[in-house]
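Examining the three-dimensional arrangement
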Amino acid sequence: AHTGSSVLCVRFSNKSNYLASAGDDACVCVFAKTLHDWNRIKLCRGHGLDVIDLAWAPDDSHLVSCSLDSATPIIVWKIDTEGIICNPFRILGQTIHTSTVKGVTFDPAGSYLASSGDDPAVCIWRAHDDWGLEARIDSGIFRQWKDDDASTQSLFRRISWSTDGAFVVATNAIVKNKHVASTISREGWAVAGSNQLTAGAANLVGHKQPVVVSRHS
């Protein structure tokens, strides 16, 4: 599928009938489950560089991929009624994210898509209608990529929503010189420790190096 290339991400669809993989060949492969095997049904081309993360919409109606490519940082692939992915349905983040995008995730209701980049910023997109920008969260605690500072560098900024949809857990943050995962409240999109009302948002401590992935059970 990703011949001669490294696979950087795999994601099962929520109904477990599809499996998507992403690689440094700039491609996304989608496999369908058969009785005894998984067969590739689609090779999705649209990105120009490594594809870093994938996210399925809760109803599996869309697959989203993000890449190091600034021309197509986020691609929304639409799944039709027969389970076939067509050409890129939407391209997001071209003028909003000012650096590479390294993480994407849907909220549990499928109303919003969150993306995280090296800007550093977390962007919230409306996952319906115009797929427009709902909010851009550029808190001072998110670390910006610096070529001369290895502590800021990470291949992934994979983020996640809480199961109740109340918080986004963002990665690669730092508070008082400690590496943390930082929660962003859905109420006002406030970051823990900001001057806004955070409505229970918190910073999760314990790592000695940058946090690169967050996942809710």
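Refer to the structure presented above.
Keep in mind that what you see is a predicted model, and the values were worked out from it rather than measured.

Considering the overall build of the chain
Within the chain, the regular secondary structure consists of zero helices and 16 strands. For the chain, contacts bridging at least 24 residues in sequence account for 43% of all contacts bridging at least 6. Entry remark: accessible area of the chain is about 10,300 Å², with carbon and sulfur atoms responsible for 49%.

With respect to the pattern of salt bridges
Counting across every chain of the model gives nine salt bridges. Its salt-bridge partner being Lys102, residue Asp118 comes within 2.7 Å of it at the nearest N-O pair. On the criterion of sequence distance, the pair formed by Asp118 in the loop between strand 10 (112–117) and strand 11 (121–126) and Lys102 in strand 9 (residues 101–106) is long-range, its members being 16 residues apart. What makes Asp118 buried here is its relative accessible area of 3%. Overall, Lys102 belongs to the buried group, its relative accessible area being 3%. A salt bridge links Asp130 to Arg126; the shortest N-O distance between them is 3.0 Å. Since its relative accessible area comes to 22%, Arg126 is described here as partly exposed. Sharing partners across several salt bridges, the network here consists of Arg11, Asp53 and Arg158.

Side note on the sheet that holds strand 9
Here we have four strands laid out as an open sheet, ordered 9-10-11-12, and antiparallel in their pairing. Each edge of the open sheet carries a strand with a single partner, namely strand 9 and strand 12 (133–137). Each strand of the sheet is rotated relative to its neighbour by a mean of 15°, with strand direction disregarded. Where strand 9 meets strand 10, five bridges bridge the pair, whose relative direction is antiparallel.

Quick notes on the pairing of strand 4 (residues 38–45)
Across seven bridges, strand 3 (residues 27–33) lies against strand 4 in antiparallel orientation. Bridging from a neighbouring strand, Phe31 pairs with Arg40 of strand 4. The antiparallel pairing of strand 3 with strand 4 creates a hairpin that spans four residues between the two strands.

Re the nonpolar core
Counting 18 residues, the largest nonpolar core has Val64, Ile74, Leu92, Val104, Phe106, Leu113 and Trp131 as the members making the most contacts within it. Mapped by element, the contributors of at least two residues to this core are strand 5 (51–56), strand 6 (62–67), strand 7 (74–79), strand 9 and strand 11. The element contributing the most residues to this core is strand 9, with three residues.

Topic: the sheet that holds strand 14 (residues 167–175)
Ordered by their spatial adjacency, four strands build an open sheet running 13-14-15-16, and the pairing between neighbours is antiparallel. The sheet is open, and its two borders are formed by strand 13 (160–161) and strand 16 (203–207), each paired with just one other strand. Two strands pair when backbone bridges link them, and strand 13 and strand 14 are joined in this way by two bridges, in the antiparallel orientation. Paired with Trp161 across the two strands is Val168, which belongs to strand 14.

Definitions and limits used
Residues numbered from 1 in each chain as written. Predicted model: local features only at pLDDT ≥ 70, side-chain atom pairs only at ≥ 80, totals over all residues. Heavy atoms only, no water. Helix = DSSP H or I, 4+ residues; strand = E, 2+ residues; numbered from the N terminus. Contact = heavy atoms within 4.5 Å. Areas by Shrake-Rupley, 256 points an atom, 1.4 Å probe, with all protein chains shown as cover. Salt bridge = Lys/Arg side-chain N within 4 Å of Asp/Glu carboxyl O. Buried < 20%, exposed > 50% of the residue type's maximum accessible area, 1.4 Å probe, protein only. Pairing = 2+ DSSP bridges. Axes fitted to C-alpha atoms, helices over the stretch in contact; angles between N-to-C directions. Core = buried A, V, L, I, M, F, W, Y, C linked by side-chain atoms within 4.5 Å.

Structural measurements only, silent on function.
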